[in-house]
Amino acid sequence: MQNKIFKGKKIIILGGTGSIGKEILDSLIQYKPKLIRIFSRDEYKQHQLRYKYFDEKNIDYVLGDIRDLDSLISACRDIDIVFHTAALKHVPISEENPEEFIKTNILGSLNVKKAALMCKIPLVVSISSDKAVDHTNLMGLTKSVQEKIFSSHHLKDKTKTKFITVRFGNVIGTHGSLFPIVYHQIRNKKPITLTHAEMTRFYMSKKEAIELIFWATIHGKDGEIIIKKMKSANIMNIIKTFLSFLKISNKWPLKKIGIRIGEKMHESLITEDNLYRIKERSGYYIVSPYDPNNIIADKFLMDNQQIQKRSKFISNNPDNYFTAKELTEHVKNFIGESRSSFDTII
């Protein structure tokens, strides 16, 4: 199915030098698109990709920023599919630099939508985060607004461009995430930094992230938010699994740094008002866009029993936890990939 969707198409990856953008690129090549355009503001990472994919003649590189509508429009002309992965994503940094996150994640996403409509692009797939759900930090707030940007037209006029959003959890191995940090600290014989032993997060592998993106590309409908049924883990269990797999004593020093500004103890995959709009299919949750008729009929008003169902989607629900075997397998795969990676792990 992927071959049919992508073969011969012109595709642009916004934020194409980031962790997810590079995974999309690597996965797309086998399907022989006519063009894969990498759009990002990172000159050095584009330089790296040029060397890595030197023999691939259908990859094009454009320096630009989604904050600049003119450069977006220029890069998006004659494109069939947009993968919008460009974002600022680190929670503590968002609290220190709110205006920069607003410029990229909100105003930049508005530019993406404007450019897609002006260039009459058939399909846009954008990346969101579970931090958009019940957000307590600015990064999550900007992602929540981004989700609404790509579904708001359902309350007014429909568009010929199809906008689909995928909502991620933590992607194992992406820059600055927990797995690389723990592994880096162990390798460098430093204490492992710990926010809170009971903190939990949803996790997915890079492979699962790409499967989610491509499934949404093929099966998603305009305005939908698509979420993988993810497993979660307690942060302390992740640290213990690293130490066990590397055959290191559990007495390895920990440095407690406390919960950082803007962070939550636990995450949720869906908001309360997603409950009446959600359905399940093939290992994914699909949240339909608002229907004005439902709003008029007050269908979004839920009783306590419906609201209690939300516990199914929260990261500290034991039913969502990885088994010890599953978590060990993720640690094993991450370490194997890190040792052979083209990039640094941090």
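Residues numbered from 1 in each chain as written. Predicted model: local features only at pLDDT ≥ 70, side-chain atom pairs only at ≥ 80, totals over all residues. Heavy atoms only, no water.

(A) How the structure looks around helix 2 (residues 19-28). Most of helix 2 is tucked away, with eight of its 10 residues classed as buried. When helix 2 is considered as a whole, its buried residues turn out to be Ser-19, Ile-20, Gly-21, Lys-22, Ile-24, Leu-25, Ser-27 and Leu-28. (Buried < 20%, exposed > 50% of the residue type's maximum accessible area, 1.4 Å probe, protein only. Helix = DSSP H or I, 4+ residues; strand = E, 2+ residues; numbered from the N terminus.)

(B) Molecular detail of the packing of aromatic side chains. Enumeration over the complete set of coordinates arrives at 14 aromatic pairs. Here the aromatic rings of Phe-179 and Phe-334 are separated by 5.9 Å at their centres, their planes lie at 80 degrees, and the arrangement is edge-to-face. Remark: Phe-334 occurs in helix 13 (residues 324-339) and Phe-179 occurs in helix 8 (residues 178-187); sequence separation between them is 155 residues. Taken as a pair, Phe-179 and Phe-334 share a single burial class, namely buried. Joined through ring pairs, the aromatic side chains of Phe-179, Tyr-183, Tyr-203, Phe-242 and Phe-334 make up one cluster. (Phe/Tyr/Trp six-rings, centres within 6.5 Å; stacked < 30°, edge-to-face > 60°.)

(C) Local environment of the pattern of salt bridges. Overall, the coordinates contain 16 salt bridges when judged by the stated rule. Linking Asp-78 and Lys-10 is a salt bridge whose minimum nitrogen-to-oxygen distance equals 2.5 Å. Pair noted here: Asp-78 is in the loop between helix 4 (69-76) and strand 4 (81-84) and Lys-10 is in strand 1 (residues 10-14), with a separation of 68 residues, a long-range link. Glu-23 serves as the salt-bridge partner of Lys-206, at 3.9 Å between the closest nitrogen and oxygen. Residue Lys-206 is located in helix 9 (residues 206-219), and its partner Glu-23 is located in helix 2; the two are separated by 183 residues in the primary sequence. By relative accessible area, Lys-206 is classed as partly exposed at 22%. Through salt bridges with shared partners, a single network forms among Lys-131, Arg-201, Lys-264 and Glu-267. (Salt bridge = Lys/Arg side-chain N within 4 Å of Asp/Glu carboxyl O.)

(D) The packing of helix 2 against helix 9, seen in detail. In contact at an axis separation of 10 Å, helix 2 and helix 9 are set at 70 degrees when each is read in the N-to-C sense. Taken as axis vectors, helix 2 and helix 9 run roughly perpendicular relative to one another. Counting all contacts with helix 2, which are made through Ile-20, Glu-23, Ile-24, Ser-27 and Leu-28, the residues of helix 9 involved are Lys-206, Ala-209, Ile-210, Ile-213 and Phe-214. (Axes fitted to C-alpha atoms, helices over the stretch in contact; angles between N-to-C directions. Parallel < 35°, antiparallel > 145°, perpendicular 65-115°, else oblique. Contact = heavy atoms within 4.5 Å.)

(E) Examining the sheet that holds strand 14 (residues 284-287) more closely. The mixed open sheet is built from nine strands, whose spatial order is 3-2-1-4-5-6-10-14-13. Since the sheet does not close on itself, it has two edges, and those belong to strand 3 (59-63) and strand 13 (278-281), each with one partner. Across the sheet, the mean angle separating the axes of adjacent strands is 20 degrees when strand polarity is ignored. In this sheet, strand 10 (residues 225-228) lies alongside strand 6 (residues 162-168) in parallel orientation, the contact comprising three bridges. In the strand pairing of strand 10, Thr-165 is matched with Ile-225. The strands that helix 9 touches are strand 4, strand 5 (123-129), strand 6, strand 10, strand 13 and strand 14; relative to strand 6, the one it contacts most, it runs at about 155 degrees. (Pairing = 2+ DSSP bridges.)

(F) Representation of the packing of helix 6 (residues 98-118) against helix 7 (residues 138-149) in the model. Where helix 6 contacts helix 7, the two axes come as close as 9 Å, and the packing angle between them is 10 degrees. In terms of their interaxial angle, helix 6 and helix 7 are classed as roughly parallel. Mapping the contact onto sequence places Pro-98, Phe-101, Ile-102, Asn-105, Ile-106, Ser-109, Leu-110 and Lys-113 in helix 6 and Leu-138, Met-139, Thr-142, Val-145, Gln-146 and Ile-149 in helix 7. Here the contact of helix 6 with helix 7 is composed, by residue class, of nine nonpolar, four polar and one charged. (Nonpolar A, V, L, I, M, F, W, Y, C, P; charged D, E, K, R; others polar.)

(G) Quick look at helix 6. Taking 1.5 Å as the rise per residue, helix 6 with 21 residues should run 30 Å; its terminal C-alpha atoms sit 29 Å apart, in good agreement. Gly-108 marks the point of greatest bend in helix 6, at about 30 degrees. Within the sequence span of helix 6, burial applies to Phe-101, Thr-104, Asn-105, Ile-106, Gly-108, Ser-109, Asn-111, Val-112, Lys-113, Ala-115 and Ala-116. Where helix 6 ends, the next residue or the one after it, Lys-120, has phi of about 55 degrees, a positive value. (Expected span 1.5 Å × (residues − 1). Bend = angle between axes of the 7 residues up to and from the residue.)

(H) Representation of the side chain of Ser-205. Structurally, Ser-205 can be placed in the loop between strand 9 (200-204) and helix 9. Aside from chain neighbours lying at most four places away, what touches Ser-205 is Val-171, Ile-172 and His-330.

(I) Geometry of the sheet that holds strand 9. Spatial strand order, 7-9-11: three strands in an open sheet with mixed pairing. Each end of this open sheet is capped by a strand with a single partner; those strands are strand 7 (170-171) and strand 11 (231-234). Examined bridge by bridge, strand 7 and strand 9 share two bridges and lie parallel to one another. Along strand 9, the bridge assignment pairs Val-171 with Met-204. Where helix 9 meets the sheet, it contacts strand 7 and strand 9, and its direction lies at approximately 70 degrees from that of strand 9.

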